[in-house]
Structures are given as structure tokens and as C-alpha cells.
Amino acid sequence: MKILIVVPYFEEPHRWMISGQRTAYTLAKNHQVVVLTTGIKASVTQPLSTLKIYRLKDIFLPDPVNYSIIPGLFGAVKRIIETEKPDAFLINKHMFYSSLAIWPLKRLGKKVIVQTDTFPGINWFPKSRLVGIVMWVYARLIGNPIMRAADKVILLHEGLIEDAQKLGLNYEVIHNGIDLKEFDATPRPKDLKKGRSEIWIGYVGRMESVKGWYDLATVATIMVKKDPWLHFFFIGPTQNAQEKIKEFSHPQIHFIGLRHDITGIDKLLDIFVMPSHSEGLSNAIMEAMAARCACLVSNVGGNRILIKNSVNGHLFEPGDLNDLEKSLEQLIKNKTRRIRLGQAARQTIEESYSLSDNVDRLAKVLAQ
């Protein structure tokens, strides 16, 4: 089967989005995959014999909007179909420009599957109130009607079911996941040396306002003054946040940029924090869970599907810096609790979030 996947961003250091990328590479193990995405310049590359990537140059509206405009999207979709002749069509992420590709695909009589972990404008909003209002209107005028035109919507977690029913969607829940065999084989990085008494706390993600990294960094500046053994690591592209990062200059607070050995770094962390104000099904959280980190995440979106409070991690209220600091202090002081939560988190991934199993289920839907 040859599958066309339209993905917002793919392997770009300044715009980081993992779910579509991971799905494409896993499908490419057993199928021919063609990816349509964006890039700094238009290009066609083929990293694998079974995976070809078409990149379109886009106009990117940065944080807090984080949206791409693709003037030539419809024409590109038609040309790729004529050239590649795909059998199946997968749109990754709702409300990004990628979902606009549903229109030309349906006009060409194609069956379209949408894969999403959020419903922006309904259960996911940026931190900016103004942008949130625009998103609310856009969802109702354009985004949701386009999504209803899809033949099926794959929900990446159960927290979306109620809204999917209200929207009248033909849906199915299929998680994303982790390749645990590959994950476990990843070594710890040699350039990061952990002291015997140190406690490492990590965040992985884009340095965007909705991700709440600024909240964690603010709490970190308070906590490192009280404990010389604490170290906070922020892992992710920093190009668009350089000025804000300067506010947190401290020898125990580390902004190490985008790394390709994140799964190895996770194995060095004692506590993983995801302080996002809105979130889908976070690959970063799943990877931390697989590494047996004690996870402390905000009580939003897919976070509360992955983490059950006091069972396999802890939840805190988004934007509540006092709650975040207090929850961190409790985990820092109780090593036994950290270990227990980390073991339970790993078990959750083993039982429900196998990447290969869930992508196989997705492939069966695409083949129908």
C-alpha cells in the first residue's frame, strides 16, 4: 500500500512535531509512504527507499499563533497524487494547514483519514486570549466543517471522545506510542555527567507559550537557590526564545537545545515535568514514562489520559506556580515514591502504548 501523509512539520529543528513523523517512519517499515510537509525551501528528499518527503515553502506565523500558510497547497496535493498515485490518504493534525488538504482530496473522490490528538478551538487553546478567540471562530467556520468531511477521524486518546460525538464524527481511538525495543537500546549521552547526589528535573518540548516552559523555568529559579543538588534541563529548539531564556541564567538551569538523543537523556532524569496549558497526547511524556521517570504534568488534555494522579505520576493545575513548586518538592524529598511512580508509568506504556501495534491498527483502517 502507498500512503500519502500530510504533516504540518517533519524533522525541522525550529518547528518540532513528533507524532506525524513517528507514524510515517513506522508505516514505512511495511508500506510505501509519501509525506507532504513544509520546509525552509521547497524540496524533495528520500531518506528511505520506502519514504519520500515533499516540502513546500510556507509562510510561518510564530508564537503565539504557530501556524503555516501554504499558498500552493491544493496544487501540490493534486500533482503528488498524479505523480505518486497513492492508495490511502492520512491527514496528521486537525486545524493546521494540513487539514485544508481534505478539501482537494475529497473533490478528487479520495477516502481521507484524519489523525489528531486535539480539537483546537474546542478543547485546546493557546495562551494568548486574542489568538484563542480567532481559533474559536476559525474552528467553527472552517476547521470543524473540513474535519466532518473526512471519512474517519483517528483520535489519539480517549479524552477526545465526548467532543468527537458532539461534532458528529465517525471516529476510532488508536493511540500513538513508543517503540520500546528501540527506546531501551538507546544509550545515555556521554557528554552529560550526573553527580551522585544530584536530582535532575527535565522538560522536553518546543519553547512556546502554550507549553508552559516559562512557568517551570520561573519555579526553577526559586528552587535552585534553596537546593544546590537540583538541576533543571530544558530540551528543545530555542531559536525563538533566546531573549526569554536569558532571564534564567543560572549554573543549575540548563537550556541544551534540540537533541537527537532525548530518549537517552530521559534515562538520566529523576523527574519529568510537562507544564503545558493545553496538550494533546504528548510523545515527550510517553518517552519519560518509558524511561521510568516520575512524571509531573499539568491537568489538561491527553496528559490526564496518560497520567493517573498518584498512580503513575502526578497532576498539577496548569499555570499554578505554587502547585507546581509544591508538587516538585514532594517528589524531590521522596525517592521511594519517585521510583514507584516511575515503575507504574513504564507499565502503562508497555500495556497500552506500543507504537508498532497501534500503527498496525492504523494501517488496517487506511486499507479499508
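Below, the structure is looked at part by part. (Residues numbered from 1 in each chain as written. Predicted model: local features only at pLDDT ≥ 70, side-chain atom pairs only at ≥ 80, totals over all residues. Heavy atoms only, no water.)

## A word on the nonpolar core
Spelled out, the test is: Take the buried Ala, Val, Leu, Ile, Met, Phe, Trp, Tyr and Cys residues and link them wherever side-chain atoms come within 4.5 Å; each set so joined is a nonpolar core. For each residue, the accessible area found with a 1.4 Å probe, counting protein chains only, is set against the maximum for its type, and the residue is called buried under 20%, exposed over 50%, and partly exposed in between. The criterion used for residue contact is that any of the two residues' heavy atoms lie within 4.5 Å.
Counting 61 residues, the largest nonpolar core has Ile201, Trp213, Phe232, Phe234, Phe272, Val273 and Leu328 as the members making the most contacts within it. Beyond its immediate stretch of four places on either side in the chain, Val273 contacts Ile201, Gly202, Tyr203, Leu216, Leu296, Phe316, Leu324 and Leu328. Core analysis: the second largest hydrophobic core is formed by 33 residues, Tyr54, Phe119, Ala150 and Leu167 among them.

## Notes on the pairing of strand 11 (residues 199–204)
As a reminder of what qualifies: Labels follow the DSSP assignment, with helices taken as runs of H or I lasting at least four residues and strands as runs of E lasting at least two, numbered in each case from the N terminus. Two strands form a pair only when DSSP identifies at least two bridges running between them. By convention, a crossover is right-handed whenever its connection, traced from the first strand over the helix to the second and viewed with the strands pointing away, goes clockwise.
Burial analysis of strand 11 places six of its six residues in the buried class, which makes it a mostly covered element. What you see with strand 11 is no split at all: Ile199, Ile201 and Tyr203 on one side and Trp200, Gly202 and Val204 on the other are buried throughout. As paired elements, strand 11 and strand 12 (residues 230–235) share six bridges and run parallel to each other. Looking across to strand 12, one finds that Ile201 is bridged to Phe232. On the question of chirality, the crossover connecting strand 11 to the parallel strand 12 by way of helix 7 (residues 213–223) is right-handed. When strand 11 meets strand 14 (residues 271–274), the two strands line up parallel, connected through two bridges. When the bridges of strand 14 are listed, Gly202 appears paired with Phe272.

## Some details on the sheet that holds strand 11
Definition in use: Convention adopted: a line fitted to C-alpha atoms gives each axis, helices being fitted over their contacting stretch, and angles between N-to-C directions are expressed from 0 to 180 degrees.
Ordered by their spatial adjacency, six strands build an open sheet running 13-12-11-14-15-16, and the pairing between neighbours is parallel. On the outer flanks of this sheet lie strand 13 (253–257) and strand 16 (314–316), each paired with one strand and no other. With strand direction ignored, the average angle separating the axes of adjacent strands in the sheet is 20 degrees. Pairing between strand 14 and strand 15 (residues 294–298): four bridges, direction parallel. Note on strand 15: the bridge partner recorded for Phe272 is Cys295. The sheet contacts of helix 7 involve strand 11, strand 12, strand 13 and strand 14, and relative to strand 12 the element is tilted by about 160 degrees. Each of strand 11, strand 14 and strand 15 touches helix 10 (residues 283–290); the most contacted strand, strand 14, lies at about 165 degrees to it.

Any link to function would need more than the numbers given here.
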